[in-house]
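Here is what each chain is made of, one letter per residue.
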Amino acid sequence: MLILLPTGVSLEADLEAPTGSQDSQQNKLAILLHPWSWLGGSMNDQVLHTVSLPLLRRNYHVLRFNSRGVGRSTGWSSFTGMNEGKDLRAVVQWGLDNVPDVRSILIVGYSHGSLIASLQPVLPPPIKTSHILLSYPLSTRGLITLFHTSKYTSALTELINNPSSNTLIIFGTRDDFTGEGVYDGWVQTLQKETDGEGKGCLQFAKVDGATHFWAGEYGRQLQRLIEAWLA
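Everything numeric here is computed off the predicted structure, so don't read it as measured data.

J.: What exactly am I supposed to notice about the pairing of strand S4 (residues 60–65) here?
T.: Two faces belong to every sheet, and in a regular strand the side chains alternate between them. Of all 6 residues making up S4, 6 are buried, and the element is well covered by its neighbours. In S4, alternate side chains face the same way, and those of Tyr60, Val62 and Arg64 on one face and His61, Leu63 and Phe65 on the other are all buried. Relative to S4, strand S2 (residues 10–16) runs antiparallel, the two sharing 4 bridges. Among the inter-strand pairings, Ala13 is bridged to a residue of S4, identified as Phe65. Two strands pair when backbone bridges link them, and strand S3 (residues 27–33) and S4 are joined in this way by 5 bridges, in the parallel orientation. Counterpart to Ile31 in the pairing with S4 is Leu63. Taking the sense of rotation as the criterion, the β-α-β connection linking S3, helix H1 (residues 46–57) and S4 turns out right-handed.

Following this line, the structure appears as structure tokens:
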């Protein structure tokens, strides 16, 4: 299907209904963001399919979409990601308008998609907003955002400091683009940001041996980790 957005683009998308038993009349919606389009990223990325399974089992409607210029989506990909961030906000609103009685939204970004996911702020009550940032491209962030690093740093800081936020950051120790030590230092910085009262809920999961691409057993481990976090 195509989603026509007020930002002026139409985005190719796929919306899957949950496979688990519905335990309430209140719906949950997960929106998944794919890797960098300039390197061939699309909503059909295998990692997004891997992530979808535990979400569907946990009664989430799962919405994947192609960003600007990918597949049948119109428009042009930006180098900064700022336009994609505006599109995401519009997609979130589309989801609220088209999935009845959504009370919980989960934004899942993988690789470059995690940068865009971090731009989505917490929604006002009664909707609960959560984020999963998977394989956040920390070391290449400047290069793939046309050196708009500070904007993404500020967006993530604002997100995790929101007392209503709920964020899970997942990375592997053998990520192909960001070293384990770089991730560890970043984790310490973010943990300091959320020390004290009135801050959001921030959790980390470091998966020993996992690369940026979560193949084989690491994909299954990723599914188990996400499903446990959602419980």
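J.: Please explain the sheet that holds strand S6 (residues 128–134) as it appears in this structure.
T.: Hydrogen bonds along the backbone pair up the strands of a sheet, which may run parallel or antiparallel. Strand order across the open sheet formed by 8 strands is S1-S2-S4-S3-S5-S6-S7-S8, with mixed pairing between neighbours. In the strand order of this sheet, the two ends are held by strand S1 (2–4) and strand S8 (201–207), each with one partner. In this sheet, adjacent strand axes meet at a mean angle of 25 degrees when their direction is disregarded. In this structure, S3 lies alongside strand S5 (residues 102–110), joined through 7 bridges in parallel fashion. Following the sheet pairing, Leu33 is matched in S5 by Gly109. Contacts from helix H7 (residues 217–230) reach S4, S5, S6, strand S7 (166–172) and S8, with the element oriented near 165 degrees to S7.

J.: Mind showing me how you'd approach H1 here?
T.: Because each turn of an α-helix spans 3.6 residues, side chains separated by three or four positions in sequence point in the same direction. In a regular helix each residue adds 1.5 Å, so 12 residues correspond to 16 Å; H1 covers 18 Å between its end C-alpha atoms and thus fits that length. Val47, Leu48, Thr50, Val51, Ser52, Pro54, Leu55 and Leu56 are the residues of H1 that are buried. Contacts made by the buried residues of H1 are with S2, S3, S4, S5, S6 and H7. Regarding H1, its N-cap is Asp45, as a side-chain oxygen of that residue lies 2.8 Å from the backbone nitrogen of Val47 further along.

J.: Help me understand the packing of helix H5 (residues 149–161) against helix H6 (residues 180–193) in this model?
T.: Helices that pack against each other are described as a pair by the angle of their axes relative to one another and the distance between those axes. Contact geometry of H5 with H6 gives a least axis separation of 10 Å together with a crossing angle of 50 degrees. Classed by the angle they form, the pair H5 and H6 counts as oblique. Of the two elements, H5 crosses H6, and the hand of that crossing is right-handed. Packed against H5, whose contacting residues are Leu156, Thr157, Ile160 and Asn161, the element H6 presents Trp186, Leu190 and Glu193 at the interface. Residue composition of the contact of H5 with H6, grouped by class: 4 nonpolar, 2 polar and 1 charged.

J.: Mind showing me how you'd approach the packing of H1 against H7 here?
T.: Where H1 meets H7, the closest approach of the two axes is 9 Å, and the angle between their N-to-C directions is 35 degrees. Where H1 crosses over H7, the handedness of that crossing is right-handed. Here Val47, Thr50, Val51, Leu53, Pro54, Leu55 and Arg57 of H1 come into contact with H7, specifically with Gly219, Leu222, Gln223, Ile226, Glu227 and Leu230. Residues belonging to the contact of H1 with H7 are distributed by class as follows: 8 nonpolar, 3 polar and 2 charged.

J.: Before we go on, may I ask you to explain a nonpolar patch on the surface in this structure?
T.: Where nonpolar side chains cluster on the molecular surface, the patch consists of Trp38, Phe79 and Leu146 and spans about 310 Å² of accessible area. Considering the arrangement of structural elements, one finds Trp38 in the loop between S3 and H1.

Parameters at a glance
- Numbering of residues begins from 1 in every chain and follows the order in which that chain's sequence is written.
- Two thresholds apply to this predicted model, a pLDDT of at least 70 for residue-level local features and 80 or more for giving and counting side-chain atom pairs, whereas whole-chain, interface and lining totals are computed over all residues.
- By convention in this description, side-chain values take in all heavy atoms of the structure and omit both hydrogens and water.
- Relative accessibility under 20% of the residue-type maximum defines a buried residue, over 50% an exposed one, and the middle range a partly exposed one, all with a 1.4 Å probe and only protein chains included.
- Elements are defined by DSSP. Helices are runs of H or I of four residues or more, strands are runs of E of two residues or more, and each kind is numbered from the N terminus.
- In this scheme, strands are said to pair when DSSP sees at least two bridges between them.
- If the strands point away from the viewer and the path from the first strand over the helix to the second runs clockwise, then the crossover is right-handed.
- As a rule, the C-alpha atoms of each element are fitted with a line to give its axis, helices using only the stretch in contact, and angles between N-to-C directions run from 0 to 180 degrees.
- Contact criterion: two residues are considered in contact whenever any of their non-hydrogen atoms come within 4.5 Å of each other.
- An expected span of 1.5 Å times one less than the residue number is assigned to each helix.
- We define a polar contact as two N or O atoms separated by no more than 3.5 Å, with the added condition that, inside protein, one atom must be a possible hydrogen donor and the other a possible acceptor, whereas residues neighbouring each other in sequence contribute only through side-chain atom pairs.
- Reported orientations rely on four angle classes, namely roughly parallel under 35 degrees, roughly antiparallel over 145, roughly perpendicular from 65 to 115, and oblique for the rest.
- Working rule for handedness: look at the near helix, and if it is turned counterclockwise from the far one by less than a right angle, call the crossing left-handed; if clockwise, right-handed.
- In this count, Pro and Cys sit with the nonpolar residues alongside Ala, Val, Leu, Ile, Met, Phe, Trp and Tyr, while Asp, Glu, Lys and Arg are called charged and the others, Gly among them, polar.
- Residues enter patches when their relative accessible area tops 30% and they take part in no salt bridge; the joining distance is 9 Å for like charges and 5 Å for the nonpolar side chains Val, Leu, Ile, Met, Phe, Trp and Tyr.
- Areas reported here follow the Shrake-Rupley algorithm with a probe of radius 1.4 Å; residue values treat only the protein chains shown as occluding.
- In the sections that follow, a salt bridge refers to a side-chain nitrogen of Lys or Arg positioned within 4 Å of a carboxyl oxygen of Asp or Glu.

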